[in-house]
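Residue-level structural notes
So the chains spell out like this:
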Amino acid sequence: PETTWTTSALSTANANPLVFVSSGRLATQIWLSDTVLYKFVLKDSNDNTLGTWDNIYGIGSPLSSNSYYLPAGTGAVATTVQARLREQPLTAKGTGAVGNGVATSDGADINQALTDAAALTNGGQVDLSPGVYLTTVPIVIPAKVRLNLNGAIIRNSGTVNPLVEITAGNAGASGSLVGNGPQSLIDQTGTGDGVYVNGIMSQADVVIANVKIQGTSSGSSGLHLKILNRVTTYNLHIAGFTTGDGIKNEGANSVTHIAPNITSCLYGIHTLTTTNGADQYSSNAVVVVGGQIRSCTGWGWWEDPTGAGGTNLGNKAIGVTFEANGAVIPQNHVYIGDASNAPNGISITGNIFASGVGTVNTIHDFNGQSVFIDGNIEIGAPTNFLNHGTLARGLYLGSNRAAGVTNYFAGSDNGADSIVVGGVATVVNQQGPTVTGYGHTQLTGYGQDLIIQTRTGGTNNQTLRATDGTALGSLTNLGVYSV
């Protein structure tokens with residue numbers, strides 16, 4: 001039996017059980033402790049139970065840690081109000097954020113909620129309810145904390161760079177950012193990145209999903225990943241970074257972007273090398289799967305090793321739709337390498353390239369080595385499918401198809417060696433690389449030819465070989481050969 005009290009001072013206990021007098025009333029008041037849940041059982045004088053009332057509690061101060069909360073439903077377990085409010089996820093409005101598009105202190109209030117979540121065992125989550133949250137400071141998501149946008153908008157209300165920064169830890173101890181679609185918006189209205197993650201080579205395991213990142217002409221990058229490993233993004237909508245990148249992978253490794261929608265940026269995907277002090281970092285195993293990159297004024301994909309951090313390795317675009325890129329730069333969809341660096345193991349497979357504003361190259365492989373281009377479809381006006389560079393080595397130009405355009409490979413002076421052509425293609429060879437037909441039926445089946453055109457003048461010899469390598473003959477200085 002629990003103790004009840006005769007006064008609010010809770011100093012003198014009632015007898016238990018309490019006995020009604022003959023008039024049917026209690027002879028004393030009943031005061032309950034606010035630290036105890038009571039069950040009241042009413043019996044008659046013969047000890048027959050007339051009724052039971054459970055989970056009755058004393059009312060403490062509204063801010064008392066001992067006030068109780070009982071959820072609805074069968075089997076509900078009571079807890080204190082304070083403990084209930086501290087359950088996950090926390091809310092930014094609980095620390096003072098308003099979300100009315102006017103209060104500029106929302107950023108500090110959101111950061112306080114994120115800090116509180118980080119102090120919990122194994123971290124926690126912070127919910128933003130729908131609304132517009134203005135901030136004059138970067139929103140910093142600590143390690144082990146997830147910020148749930150739930151349709152909320154975080155908007156720059158000053159000079160904030162980056163607008164959101166995610167702390168990258170090790171072995172999954174990183175922050176993460178999750179929304180519920182494009183209505184969950186990171187709105188970078190000033191100069192700087194929308195979302196920035198700097199890992200300093202941490203095994204980050206960062207997750208960013210279902211969020212729209214919107215910039216202006218002054219923005220740097222929608223999403224900027226720097227010097228870290230293991231990041232997964234899903235269903236990001238990035239738009240408006242017209243002088244920067246939709247997604248910048250800078251010294252980023254083992255990164256997977258699933259179904260991004262990138263539009264109206266300078267570059268859609270920018271993968272580059274970088275340095276940090278004396279250390280050099282390349283971007284390796286960056287994979288983009290599905291999604292759409294469109295209306296970028298530069299290249300849809302730029303494989304760029306110019307950051308003096310080494311050579312990018314093993315990056316891939318798989319099943320991406322590139323559409324209407326390249327209004328300023330004529331290489332309108334994919335650009336691999338530069339004049340002095342050669343990314344290795346680049347794979348461009350199963351993509352769709354729709355006509356851009358540019359007029360020259362769908363894929364410009366300037367100096368990539370071991371580049372695999374296969375199973376792509378070209379639709380529209382560009383006049384060539386691939387333009388190869390001066391120092392590239394080991395190109396596989398596979399079974400690509402073009403609708404309404406010329407599908408050919410153009411090799412530059414001192415150009416690539418070990419070019420393997422599978423499927424039907426026209427090869428324009430300006431200076432004598434080794435061209436290997438990949439299977440007779442692939443080259444001449446269905447009544448179609450492989451055409452090799454050499455540069456006029458100079459030495460332009462072609463050797464024809466059987467599949468076992470036996471020389472069958474040679475063609476010398478004849479200009480155009482139909483095989």
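Note that the structure is predicted; figures quoted are calculated from it, not measured. (Residues numbered from 1 in each chain as written. Predicted model: local features only at pLDDT ≥ 70, side-chain atom pairs only at ≥ 80, totals over all residues. Heavy atoms only, no water.)

Counting secondary structure elements, the protein chain contains 3 helices and 44 strands. Split into buried and exposed, the 483 residues of the protein chain put 45% on the buried side. Contacts spanning at least 24 positions in sequence make up 64% of the contacts within the protein chain whose residues lie at least 6 apart. A total accessible area of about 21,200 Å² is found for the protein chain, and carbon and sulfur atoms account for 52% of it. (Helix = DSSP H or I, 4+ residues; strand = E, 2+ residues; numbered from the N terminus. Buried < 20%, exposed > 50% of the residue type's maximum accessible area, 1.4 Å probe, protein only. Contact = heavy atoms within 4.5 Å. Areas by Shrake-Rupley, 256 points an atom, 1.4 Å probe, with all protein chains shown as cover.)

Side chains that are nonpolar tend, in soluble globular proteins, to be buried together. Judged by nonpolar contacts, the single largest core of 63 residues is most densely connected at Leu 147, Leu 177 and Ile 186. Among the elements that take part in this core, strand β14 (residues 195–209) stands out by supplying 5 residues, more than any other. (Core = buried A, V, L, I, M, F, W, Y, C linked by side-chain atoms within 4.5 Å.)

Let's shift gears to the environment of Leu 134. Along the chain, the position of Leu 134 falls in strand β7 (residues 132–135). Leu 134 sits 21 residues away from Arg 155 along the chain, and the two C-alpha atoms are 5.0 Å apart. Residues contacting Leu 134, with those up to four places away along its chain left out, are Gly 101, Val 102, Ala 103, Thr 104, Asp 106, Gly 107, Arg 155 and Ser 157.

Within this structure, the stated rule accounts for 4 salt bridges. In this structure, Lys 43 and Asp 47 form a salt bridge, with 3.5 Å as the shortest nitrogen-oxygen distance. The exposure class assigned to Asp 47 is exposed, which follows from its relative accessible area of 52%. (Salt bridge = Lys/Arg side-chain N within 4 Å of Asp/Glu carboxyl O.)

A few words on the packing of aromatic side chains. Any pair of aromatic rings gets described here by the distance separating the centres and the angle formed by the planes. Tallied over the full model, the rule gives 6 aromatic pairs. Both rings, one in Tyr 38 and one in Phe 40, keep their centres 6.4 Å apart while their planes meet at 50°; by these two values the pair is tilted. (Phe/Tyr/Trp six-rings, centres within 6.5 Å; stacked < 30°, edge-to-face > 60°.)

On to the environment of Tyr 267. Summarising the element assignment, Tyr 267 is placed in strand β20 (residues 267–272). Residues Tyr 267 and Trp 302, 35 residues apart in the sequence, show an inter-C-alpha distance of 7.0 Å.

Let's shift gears to the pairing of strand β16 (residues 221–234). Most of β16 is tucked away: 10 of the 14 residues are buried. Summarising the sheet, β16 and strand β18 (residues 245–258) pair through 11 bridges and their orientation is parallel. Looking at the pairing, Asn 229 lines up with Asn 253 of β18. (Pairing = 2+ DSSP bridges.)

Taking 1.5 Å per residue as the helical rise, helix α2 (residues 106–118) with its 13 residues ought to reach 18 Å, and the 18 Å between its terminal C-alpha atoms agrees with that figure. Those residues of α2 that fall on the buried side of the exposure criterion are Asp 106, Gly 107, Asp 109, Ile 110, Asn 111, Ala 113, Leu 114 and Ala 117. The inward-facing, buried residues of α2 abut β5 (90–91), β6 (124–127), β7, β8 (139–141) and β9 (145–148). (Expected span 1.5 Å × (residues − 1).)

Take the state of the cysteines next. Per the stated rule, a full pass over the model turns up 0 disulfides. Cysteine Cys 265 is unpaired, with the sulfur of Cys 296 as its nearest cysteine sulfur at 5.2 Å. Take Cys 265: its relative accessible area is 1%, and that puts it in the buried class. (Disulfide = S-S within 2.5 Å.)

Looking now at a nonpolar patch on the surface. On the surface, a nonpolar cluster with roughly 300 Å² of combined accessible area is contributed by Tyr 234, Ile 258, Val 289 and Ile 318. With respect to the secondary-structure elements, Tyr 234 resides in strand β16. (Patch = residues over 30% accessible without salt bridge, like charges linked within 9 Å, V, L, I, M, F, W, Y side chains within 5 Å.)

Within the element layout of this structure, Ser 129 appears in the loop between β6 and β7. Not counting the four nearest positions on each side in its chain, Ser 129 is found in contact with Lys 93 and Ala 152. There is a polar contact of 3.5 Å between the side chain of Ser 129 and the side chain of Lys 93. (Polar contact = N/O pair within 3.5 Å; in protein donor to acceptor, adjacent residues only side chain to side chain.)

Attention now moves to unusual backbone geometry. Residue Pro 17 is bonded to the preceding Asn 16 through a cis peptide linkage, with omega at 15°. Assignment of secondary structure puts Pro 17 in the segment before β1 (37–43). In the Ramachandran plot, Ser 254 falls in the positive-phi region, its phi being about 55° despite a non-glycine side chain. Within the secondary structure, Ser 254 sits in strand β18.

It is worth spelling out the confidence of the model for the protein chain at this point. Here the protein chain averages 80 in pLDDT, and 76% of its residues register 70 or above. Of the regions scoring below 50 in pLDDT, residues 412–416 engages in 23 contacts with residues more than four places distant in sequence or in other chains. Of the regions scoring below 50 in pLDDT, residues 429–434 engages in 23 contacts with residues more than four places distant in sequence or in other chains. (pLDDT = per-residue confidence, 0-100.)

It is worth spelling out the side chain of Asn 376 at this point. Position of Asn 376 relative to the elements: it lies in the loop between β32 (369–374) and β33 (377–379). Within polar-contact distance, the side chain of Asn 376 engages the backbone nitrogen of Gly 350 at 3.3 Å. There is a polar contact of 2.9 Å between the side chain of Asn 376 and the backbone nitrogen of Asn 351.

Turning to the side chain of Lys 248, a few remarks are in order. Position of Lys 248 relative to the elements: it lies in strand β18. Taking relative accessible area as the criterion, Lys 248 reaches 16% and is therefore assigned buried. Those residues in contact with Lys 248 that lie beyond four places of it in its chain are Ser 221, Leu 223, His 224, Leu 225, His 270 and Leu 272.

Here the focus is the pairing of β32. Two elements, strand β29 (residues 347–349) and β32, share 3 bridges in a ladder whose sense is parallel. Its bridge partner lying in β32, Thr 349 is registered against Asp 374.

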